[in-house]
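Secondary and tertiary structure notes
As a plain string of letters, each chain reads:
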Amino acid sequence: MSKTPAMGKGLAALIGNIEATNPQKQHPSIRETNIVESFAEISIHDIDTNPENPRKDFSDIELNELADSIREVGIIQAITVRKNQGRYQIISGERRFRAAKIAGKKTIPAYIRVATDIQTLEMAVTENVQRENLNPIEIALTYKALIDAQDLTQDELSRRMGKSRPVIANYLRLLKLPAEIQLALQNEDISMGHAKPLISLENEEKQIEILRQILKEELSVRQVEERCQQPSETPEKLKKTSKSTISDKLEQTHDEWSQKLETPVKYKFSKTGKGQIIIEFQSQEDFERIISMLK
């Protein structure tokens with residue numbers, strides 16, 4: 001499954017100058033953070049990972065490939081750390097750190113910064129989201145952490161992120177799905193496009209039932225939407241209807257556009273071969289977001 005597109009603007013605007021919009025939420029130390037104190041080779045044994053890092057999953061295959069590269073050419077890009085209780089804690093670059101350990105490195109180049117807990121989270125999110133390293137659940141958990149840490153509303157977060165409120169809300173709604181579905185998203189067994197129709201179902205058993213159909217039958221996003229809209233019809237009937245109205249190639253195109261635009265995209269066809277492309281939007285703001293993407 002394809003990963004969620006990068007967020008673009010990052011999170012620098014989310015924390016910076018936040019007191020200007022809400023004096024109740026001031027964080028005076030922020031003005032003194034993000035300072036690079038020094039650059040040094042640090043012992044691997046003096047560095048701890050950050051338990052709040054939004055990225056939780058690291059592929060063993062990718063880590064070993066990077067470790068092989070490090071053995072051959074060394075570490076090209078330094079990691080970023082902060083001092084923490086006499087040791088160093090990773091702000092960004094945990095994947096490089098893990099691969100360096102596998103490669104048998106004793107030290108690793110690092111930028112040493114001054115940063116608060118919130119800014120550490122901010123920088124970790126910025127790196128991972130911009131590099132498309134986060135799965136939808138990790139993004140959702142990070143949005144929730146930022147909202148909770150800064151006491152933001154979804155509207156405030158969407159403005160700072162440059163993402164529409166419906167997009168932010170769609171990610172947060174993923175956290176209401178059963179654990180089995182969230183795990184499938186984390187493992188990239190299903191895409192966010194598959195998960196969104198499941199949110200509309202109130203019955204948890206039905207959600208899990210359709211999840212298992214997705215995994216067993218390799219359902220497309222369109223087929224999942226149909227089963228969620230018409231749960232009373234049998235899978236055999238829905239599958240037959242889908243195949244009779246849309247080709248496999250067009251089915252794939254539908255899935256790609258639904259994921260790219262982060263909203264359902266539907267096709268309608270007549271017997272003469274003519275048809276329509278229908279792009280759904282949730283608000284004026286969501287409409288403008290989609291138009292800007294299409295441009």
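Residues numbered from 1 in each chain as written. Predicted model: local features only at pLDDT ≥ 70, side-chain atom pairs only at ≥ 80, totals over all residues. Heavy atoms only, no water.

We now examine the pattern of salt bridges. The final tally for this structure, using the stated rule, is nine salt bridges. Here Arg212 makes a salt bridge to Glu180, at a shortest N to O gap of 3.1 Å. On the criterion of sequence distance, the pair formed by Arg212 in helix H11 (residues 204–217) and Glu180 in helix H9 (residues 179–186) is long-range, its members being 32 residues apart. Among the salt bridges present, the one from Glu226 reaches Arg222, with a minimum N-O distance of 3.7 Å. Here Glu226 and its partner Arg222 are both found in helix H12 (residues 221–229), four residues apart, which amounts to about one turn of the helix. (Salt bridge = Lys/Arg side-chain N within 4 Å of Asp/Glu carboxyl O. Helix = DSSP H or I, 4+ residues; strand = E, 2+ residues; numbered from the N terminus.)

Helix length check: helix H3 (residues 60–73), at 14 residues, gives a terminal C-alpha distance of 20 Å against a target of 20 Å (1.5 Å per residue), a fit within 8%. Of all the residues in H3, the buried ones are Leu63, Leu66, Ala67 and Ile70. Each buried residue of H3 lies within a common arc of 105 degrees when the element is viewed along its axis, so the set occupies one face. Away from its buried face, by an angle of more than 90 degrees, H3 presents the exposed residues Ile61, Glu65, Glu72 and Val73. (Expected span 1.5 Å × (residues − 1). Buried < 20%, exposed > 50% of the residue type's maximum accessible area, 1.4 Å probe, protein only. Arc of directions from axis to C-beta.)

This brings us to the side chain of Asn135. By the element assignment, Asn135 lies in the loop between helix H5 (117–130) and helix H6 (136–150). The class for Asn135 is buried, based on a relative accessible area of 4%. From its side chain, Asn135 meets the backbone nitrogen of Ile137 in a polar contact 3.0 Å long. At 2.9 Å, the side chain of Asn135 forms a polar contact with the backbone nitrogen of Glu138. (Polar contact = N/O pair within 3.5 Å; in protein donor to acceptor, adjacent residues only side chain to side chain.)

In this model, the protein chain carries an average pLDDT of 75, and 72% of its residues clear a pLDDT of 70 or more. Predicted confidence is poor over residues 1–35, with pLDDT under 50, and the contacts of this stretch with residues over four places away or in other chains come to 74 contacts. Ignoring residues within four places in sequence, the model shows residues 237–245, a span with pLDDT below 50, making eleven contacts including any to other chains. (pLDDT = per-residue confidence, 0-100. Contact = heavy atoms within 4.5 Å.)

Of note, Glu72 is situated in helix H3. Taking the C-alpha atoms as reference points, Glu72 and Ala103, 31 residues apart in sequence, are found 9.7 Å from one another.

Turning our attention to the packing of H9 against H11. At a closest axis distance of 9 Å, the pairing of H9 and H11 adopts a crossing angle of 35 degrees. Seen from H9, the contacting residues are Glu180, Ile181 and Ala184; seen from H11, they are Gln207, Ile208, Leu211 and Arg212. A per-class count over the contact of H9 with H11 returns four nonpolar, one polar and two charged. (Axes fitted to C-alpha atoms, helices over the stretch in contact; angles between N-to-C directions. Nonpolar A, V, L, I, M, F, W, Y, C, P; charged D, E, K, R; others polar.)

With that settled, consider the pairing of strand S3 (residues 79–84). Where S3 lies against strand S5 (residues 107–114), four bridges are found, and the strand directions are parallel. Within S5, the position partnered with Val81 by the bridge is Ile112. In this structure, S3 lies alongside strand S4 (residues 87–92), joined through five bridges in antiparallel fashion. Paired with Val81 across the two strands is Ile90, which belongs to S4. Hairpin connection of S3 to S4: two residues between the antiparallel strands, including Gln85 at a positive phi of 55 degrees. (Pairing = 2+ DSSP bridges.)

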